[in-house]
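Descriptive analysis of the structure
Read off the chains here:
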Amino acid sequence: SEVARPGDAPEFRLTRVFDAPRALVYKCWMEPAYLARWWGPRTFVCPVCEVDARAGGSYRIVMRGADGTEYPMSGTFREIVPNMRIVQQGDTSEKSEEWHDMVDPDRKGQGKRKIEMLTTITFEDEGQGTKVTIVTRFPSMALRDSFAKAGMREGWTSSLDKLSDLLDAVKVSPHQIHTSRLLNAPIGVVFKAFSDPKG
């Protein structure tokens, strides 16, 4: 992923080229059954993924880490041009106090301040693949830099790695569902859990 933080605008920009057609990349981005399979860092799952894909519609995703901690995120779609562009307004009201302390250290007793984050995702043909550009605009350079320090680049990169894997799987077997999970148990125990009705 190519990442940039312009010096003249409170924006975070990330670009990634996927070896898949634009319609398929867009589909995996907007359909909950696909989105839930790649959203979030490598060790996370998404037990909740709701998308009302229309201008004025909302989205809500709950990521769950390996330790069971849940990280909700939600927002509203400002604009949707199928296969071309998504513009969405983030909503940080469900985030924890600890999260707000981390990304907004200057709030100084103001509670969970609303952070106006506008993200635009564009999809363009790039040879036989698709170039995806993600631009998130923040209210200030300080907030942009706080998000970057909190791991915004790493989070997006891990998610997009998972998207790339999903696209490869869907291209090979478009009518099959592929899923994987790393389990902290010996192979024999896992096999028994799947094969033994009493297990």
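Remember, predicted model here, so these are calculated numbers, not experimental data.

Another aspect to go through is the overall build of the protein chain. Along the protein chain, the regular secondary structure elements total six helices and eight strands. Along the chain direction, N to C, the helices and strands of the protein chain fall in the order β-β-α-α-β-β-β-β-α-β-β-α-α-α. Relative to the globule expectation of 16 Å for 199 residues, the C-alpha radius of gyration of the protein chain, 18 Å, shows essentially globular dimensions. Seen through its C-alpha atoms, the protein chain measures out along the principal axes to roughly 55 × 45 × 30 Å.

In this section: the nonpolar core. What tends to happen in soluble globular proteins is that the nonpolar side chains get buried as a cluster. Membership of the largest hydrophobic core comes to 42 residues, with the highest contact counts inside it found for Trp29, Trp38, Trp39, Trp156 and Leu160. Among residues more than four places away in sequence, those in contact with tryptophan 29 are Leu35, Trp38, Ile86, Ile121, Phe123, Val132, Ile134, Trp156, Leu160 and Leu163.

By secondary structure assignment, the location of lysine 162 is in helix 5 (residues 152-172). Although lysine 162 is buried, it forms no salt bridge, and the closest oppositely charged side chain is aspartate 165 at an N-O distance of 8.9 Å. A distance of 3.4 Å separates a polar side-chain atom of lysine 162 from the backbone oxygen of phenylalanine 44. Among residues more than four places away in sequence, those in contact with lysine 162 are Arg37, Trp38, Trp39, Gly40, Pro41, Arg42 and Phe44.

We now examine the side chain of threonine 119. Considering the arrangement of structural elements, one finds threonine 119 in strand 7 (residues 118-126). Residue classification places threonine 119 among the buried positions, given a relative accessible area of 10%. There is a polar contact of 2.9 Å between the side chain of threonine 119 and the side chain of threonine 136. When sequence neighbours within four positions are dropped, the list of residues in contact with threonine 119 reads Ile86, Val87, Gln88, Ile134, Val135 and Thr136.

Below, the discussion takes up the packing of helix 1 (residues 22-30) against helix 5. Across the interface, helix 1 lies against helix 5 with an axial gap of 11 Å and an inter-helix angle of 120 degrees. For the element pair helix 1 / helix 5, the angle class is oblique. As helix 1 runs across helix 5, the sense of the crossing is right-handed. Across the interface between the two elements, Leu24, Val25, Cys28 and Trp29 from helix 1 touch Trp156, Leu160, Leu163, Leu166, Leu167, Val170 and Lys171 from helix 5. Its residues assigned to classes, the contact of helix 1 with helix 5 comprises 10 nonpolar, no polar and one charged.

Take the packing of aromatic side chains next. Aromatic rings considered in pairs are described by the distance between their centres and by the relative angle of their planes. Tallying each qualifying case throughout the model produces 10 aromatic pairs. Centroid distance tryptophan 29 to tryptophan 38: 4.9 Å. Interplanar angle 55 degrees. Geometry classified as tilted. An identical accessibility class is assigned to tryptophan 29 and tryptophan 38; each is buried. Between tryptophan 29 and tryptophan 156 the ring centres are 6.1 Å apart and the planes differ by 25 degrees, which places this aromatic pair in the stacked class. Here tryptophan 29 is found in helix 1, whereas its partner tryptophan 156 is found in helix 5, with 127 residues between them in sequence. Grouping residues by exposure puts tryptophan 29 and tryptophan 156 together as buried. Sitting above the plane of the tryptophan 99 ring, lysine 95 keeps its charged end 5.2 Å from the centroid.

Taken as a whole, this structure holds zero disulfides when the rule is applied. Looking at the unpaired cysteine 49, the closest cysteine sulfur is the one in cysteine 46, lying at 6.2 Å.

Rules used in this analysis
Residues numbered from 1 in each chain as written. Predicted model: local features only at pLDDT ≥ 70, side-chain atom pairs only at ≥ 80, totals over all residues. Heavy atoms only, no water. Helix = DSSP H or I, 4+ residues; strand = E, 2+ residues; numbered from the N terminus. Rg over C-alpha atoms; globule rule 2.2 N^0.38 Å. Core = buried A, V, L, I, M, F, W, Y, C linked by side-chain atoms within 4.5 Å. Buried < 20%, exposed > 50% of the residue type's maximum accessible area, 1.4 Å probe, protein only. Contact = heavy atoms within 4.5 Å. Lys, Arg positive; Asp, Glu negative; His and termini not counted. Salt bridge = Lys/Arg side-chain N within 4 Å of Asp/Glu carboxyl O. Polar contact = N/O pair within 3.5 Å; in protein donor to acceptor, adjacent residues only side chain to side chain. Axes fitted to C-alpha atoms, helices over the stretch in contact; angles between N-to-C directions. Parallel < 35°, antiparallel > 145°, perpendicular 65-115°, else oblique. Left-handed = near helix turned anticlockwise from the far one by under 90°. Nonpolar A, V, L, I, M, F, W, Y, C, P; charged D, E, K, R; others polar. Phe/Tyr/Trp six-rings, centres within 6.5 Å; stacked < 30°, edge-to-face > 60°. Lys NZ or Arg CZ within 6 Å of the ring centre and 35° of its normal. Disulfide = S-S within 2.5 Å.

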